[in-house]
Amino acid sequence: NAGVIQTPRHKVTGKGQEATLWCEPISGHSAVFWYRQTIVQGLEFLTYFRNQAPIDDSGMPKERFSAQMPNQSHSTLKIQSTQPQDSAVYLCASSHNANTEVFFGKGTRLTVV
Amino acid sequence: QQQVRQSSQSLTVWEGETAILNCSYENSAFDYFPWYQQFPGEGPALLIAIRSVSDKKEDGRFTIFFNKREKNLSLHIKDSQPGDSATYFCAASGAGGYKVVFGSGTRLLVSP
């Protein structure tokens, strides 16, 4: 079991460019989460899917951010027209059931220059 | 509105002491409270968790004390070791809920 896999580990984009972050959850897990981590804001919930369906995207900035889960083996977080304030570590996580352990990937460090 | 609050951003203890990390929450519907440990360059990993029907959960050197009436809990790390130096997140989720809400984290430094 390789755990939750996130690629790339580091990404540098120029201001205004698009960034796509990839996540492969643990096989068999029904829920997939995206969080953003910064020094100032800590761990912020962005969105989650259950059985590939979007359930709660209350943490997603309304513009420029979108997440998809086209199949049970991967999810993507896309940021259009990236801005310096989008610089953060983006963490993907998955869990098997409600109120059980959430397993995190190592994150993608996004730097917008 | 922060639903889960950790009172200290950082905490320093000496090796061998007991580190106490405090957490409070607002939502009475929360009934599952995990603590996650994060080392630099890694994602958070589950350390220990408690459900609201219990007031104490122990796992080796780690103990959670839970007070449902006061809506607070604490993580005690006995005999702290330098290897325990990490950021600790208190978290919570509700009945049947998948979404986990995290506190802002406490960075623990254990000095030898």
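My aim in this report is to walk through the structure given alongside it, one point at a time. Being a predicted model, the structure only gives us computed values, none of them experimental. (Residues numbered from 1 in each chain as written. Chains lettered and ligands numbered in written order. Predicted model: local features only at pLDDT ≥ 70, side-chain atom pairs only at ≥ 80, totals over all residues. Heavy atoms only, no water.)

### A word on the overall build of chain A
Rule in force here: In this description a helix means any DSSP run of H or I spanning at least four residues, a strand means any run of E spanning at least two, and both kinds are numbered starting from the N terminus. Using C-alpha atoms as the atom set, the radius of gyration is obtained and then compared with a globule rule of 2.2 Å times the number of residues to the power 0.38. When checking whether two residues touch, look at their non-hydrogen atoms; a contact exists if any pair is within 4.5 Å. Asp and Glu are treated as the negative residues and Lys and Arg as the positive ones, with His and the ends of the chain left uncounted. Charged side chains are reduced to one point each, which is NZ for Lys, CZ for Arg, CG for Asp and CD for Glu.
Scanning chain A from terminus to terminus reveals zero helices and eleven strands. Order of helices (α) and strands (β) in chain A, N terminus to C terminus: β-β-β-β-β-β-β-β-β-β-β. A globule of 113 residues ought to have a C-alpha radius of gyration of about 13 Å, and chain A, at 13 Å, matches this closely. With the C-alpha coordinates of chain A rotated into their principal frame, the extents come out at 40 × 25 × 25 Å. Here the analysis covers contacts within chain A between residues at least 6 apart in sequence; of these, 53% occur between residues at least 24 apart. Positive and negative side-chain charges in chain A, numbering 10 and 8 respectively, have mean positions lying 6 Å apart.

### Comments concerning the pattern of salt bridges
A side chain of one charge can pair with a side chain of the opposite charge if their charged atoms are brought near each other. Operational definition: The working definition used for a salt bridge is a side-chain nitrogen of Lys or Arg within 4 Å of a carboxyl oxygen of Asp or Glu. We call a residue buried when its accessible area falls under 20% of the maximum for its residue type, exposed when it is over 50%, and partly exposed in between, using a 1.4 Å probe and counting protein chains only.
Enumeration according to the criterion identifies eight salt bridges over all chains in this entry. Here K106(A) and E42(B) are joined by a salt bridge, their closest N and O atoms 2.7 Å apart. Of this pair, K106(A) sits in the loop between β10 (102-104) and β11 (108-112) while E42(B) sits in the loop between β4 (30-38) and β5 (45-51), which puts the two residues in different chains. By relative accessible area, K106(A) is classed as partly exposed at 39%. A salt bridge links E70(B) to R69(B); the shortest N-O distance between them is 3.6 Å.

### Topic: the sheet that holds strand β3 (residues 19-25) of chain B
The pairing of strands in a sheet happens through backbone hydrogen bonds and is either parallel or antiparallel. Residues and elements named next belong to chain B. This is how it is decided: Two strands make a pair as long as DSSP finds a minimum of two bridges between them. Axis lines are fitted to C-alpha atoms, over the contacting stretch for helices. Their N-to-C directions set the angle, which ranges from 0 to 180 degrees.
Taken in spatial order, the five strands line up as β1-β3-β8-β7-β6 in an open sheet, and their pairing is antiparallel. Of all the strands in the sheet, the pair left with one neighbour each is β1 (4-6) and β6 (56-59). Geometrically, the sheet is characterised by an average inter-axis angle of 15° between neighbouring strands, direction not taken into account. The pairing of β1 with β3 spans three bridges and is classified as antiparallel.

### A few points about the sheet that holds strand β7 (residues 65-71) of chain A
Residue and element names in this part refer to chain A. The antiparallel open sheet is built from four strands, whose spatial order is β1-β3-β8-β7. Where the open sheet ends on each side, the last strands, each with one partner, are β1 (5-7) and β7. Between one strand axis and the next, the sheet turns through 20° on average, direction left out of account. Pairing of β7 with strand β8 (residues 74-79), which is carried by five bridges, proceeds in the antiparallel orientation. Each residue of the ladder has a partner; that of F65, found in β8, is I79.

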